[in-house]
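The residues making up each chain are set out below.
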Amino acid sequence: MSGAKAGRGDDAPTSEAAVPDMMTAALLRQYGRLDVGQLPTPEPGPGEVLCRVLACGICGTDLKIVRGDFAGVWPPSLPFVIGHEWSGVVAGLGPGTERSGLAVGDRVVAENHAGCSACAMCRSGRYNLCERVREPGFKLYGHTAPGALAEYAVRPAVALHRIPDGVGAAAAALVNQGALTVHAARRVGLTAGASVAVYGPGLLGLLMLQVARASGATTVVVVGRGDRLRTAADLGASDVVDYEHESPVDAVRAASGGRGVDVVFDCSGNPAVLAQAVGATRRGGSVAVLGLTGGARADVPVDAFALDELTLYGVRSSPNAYPAMLELLASGAVRTEPLTADRFVLDDVHAAFEALSARTSIRPIVLPTK
Ligand SMILES: [Zn+2]
Ligand SMILES: [Zn+2]
């Protein structure tokens, strides 16, 4: 077996053991709960790679999927394996992957969107917006196709990126969310010296804060509540605002010299934030929405968009952003230690979900294999 190199992260494999016929997975058999059970280990088809999962984070979207908020779409049917924020190690290569540059033993992260490569959006590089999303064959892994809350997962070789030396498996499991924030920074055209507010100091917001800093923002105000604001300050927020104790709009405006910030990144998943974001943005500024609400609607002051010439950006997934996020981790520009401390074995997946829904963990990381 190849792939063992010195100087890798904390959990480097030295070789890959034989792949078992059956694997353990967290199975969504009925909405409301996950069961840990056995499934046949998937086999890589043409162009696909089998990965042994090293670390898989659980996010708010996973909670909503398990609850059934997107039933019939994410997932299309039960039973289903969720999990889309993960890192792994190549355990097998399907036919037609010879030129992928991947080898058994390589540590990798996976993009979740595999576009059709043929529609106008895919051809323009915006494969996160593939127009054939409703057609059979489209796959959004962990949502419409099997995820990685399991010992093994199969992905197209083109969706995989090698993890740089020195970036651990748990940190790499944050690349999915981190790359979303890279995409957000690119969407709004964040520039040096920008002022920013980030609503929602969950994992997404705490990565957005750091990626905004790395993109040149000099004022980054984080709005949320409780202990997570301390983590935000520790990770470089210039100000933190606890909305339980002060008006978030007034406080963000005050922190930006009374003008309002250039950009608000809404990472909260809370539909009430959009109106606050409009109030906290300077004239001519931008609001970017990254968090999903589970189908909720928002009440927004419509005239402000016209009178203040605000720009509203939707931000979905992370097209072409994984390599940049991996570099930000490898260089130390984005810190992950406070974000990856809570780790669970697969048998304790319920505890991991409980920790996220009770907000005792910013990001529970499940380690499916030793
Ligand atoms: Zn997620
Ligand atoms: Zn497409």
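Please refer to the structure higher up on the page.
Described below are features of the structure shown in this document.

How each quantity is defined
Within each chain, residues carry numbers counting from 1 in the order of the written sequence. As they are written, the chains are lettered A onward and the ligands numbered 1 onward, keeping that order. Confidence filtering applies because this is a predicted model: local features only for residues at pLDDT of at least 70, side-chain atom pairs given and counted only at 80 or more, and all residues used for totals across whole chains, interfaces and linings. In computing side-chain properties, one takes all heavy atoms of the structure into account and sets aside hydrogens as well as water. Centres within 6.5 Å are what make two rings of Phe, Tyr or Trp a pair, Trp counting through its six-membered ring; a difference in plane orientation under 30 degrees is then read as stacked, over 60 as edge-to-face, and the rest as tilted. Classification of residues uses two cut-offs on accessible area relative to the type maximum, computed with a 1.4 Å probe and protein chains only: under 20% is buried, over 50% is exposed, and between them is partly exposed. In this listing, donors mean N, O and S atoms no farther than 2.8 Å from the metal, or 3.2 Å for Na, K and Ca; water is missing from the atoms, so a site can look incomplete. Donor angles set the geometry label: tetrahedral for four donors if every angle is between 85 and 135 degrees, square planar for four and octahedral for six if opposite donors exceed 155 degrees and the others are between 65 and 115, irregular for anything else. Here a helix means four or more residues in a row that DSSP labels H or I, a strand means two or more in a row labelled E, and each is numbered from the N terminus. In this context, the arc is that of the directions from the helix axis out to the C-beta atoms. It only takes one pair of heavy atoms within 4.5 Å for two residues to be counted as in contact.

1. Digging into the packing of aromatic side chains
Link 1 in the chain: Inspection of every chain in the model, using the stated rule, returns one aromatic pair.
Link 2 in the chain: Ring centres of Phe 70 and Trp 74 lie 4.9 Å apart, and the angle between their planes is 55 degrees; this geometry places the pair in the tilted category. Each member of the pair, Phe 70 together with Trp 74, is buried.

2. Description of the coordination of the zinc ion (ligand 2)
Link 1 in the chain: Each protein donor to the zinc ion (ligand 2) is listed here as Cys 116 (SG), Cys 119 (SG), Cys 122 (SG) and Cys 130 (SG); together their distances run 2.3 to 2.4 Å.
Link 2 in the chain: For the zinc ion (ligand 2), the four donor atoms in the first shell make angles of 104 to 117 degrees at the metal, so the coordination geometry reads as tetrahedral.
Link 3 in the chain: Mapped onto the sequence, the donors of the zinc ion (ligand 2) take the spacing C-x2-C-x2-C-x7-C. Note that Cys 119 is positioned in the loop between β7 (113-114) and α2 (120-123) and Cys 130 in the loop between α2 and β8 (139-140), a separation of eleven residues in sequence. Like Cys 130, Cys 119 is buried.

3. Some thoughts on the coordination of the zinc ion (ligand 1)
Link 1 in the chain: Protein coordination at the zinc ion (ligand 1): the donors are Cys 59 (SG), His 84 (NE2) and Glu 85 (OE), at 2.0 to 2.2 Å from the metal.
Link 2 in the chain: Of note, the donors binding the zinc ion (ligand 1) are all from one chain and are spaced C-x24-H-E. Here Cys 59, found in the loop between β3 (48-57) and α1 (60-67), pairs with His 84, found in the loop between β4 (80-81) and β5 (85-93); they are 25 residues apart in sequence, far enough to count as distant.
Link 3 in the chain: Given a relative accessible area of 4%, Cys 59 falls into the buried group.

4. Remarks on helix α10 (residues 322-331)
Link 1 in the chain: For α10, the set of buried residues is Tyr 322, Met 325, Leu 326, Leu 328 and Leu 329. Projected down its long axis, α10 shows its buried positions confined to an angular sector of 160 degrees, all on one face. With respect to the buried face of α10, the exposed residues turned more than 90 degrees away are Glu 327 and Ser 331.
Link 2 in the chain: On its buried face, α10 is in contact with β6 (107-110), β10 (160-162), α3 (169-172), α4 (175-188) and α5 (203-214).
Link 3 in the chain: The positive-phi residue at the C-terminal boundary of α10 is Gly 332, with phi of around 85 degrees.

The quantities given are spatial measurements derived from coordinates; they are silent on function.
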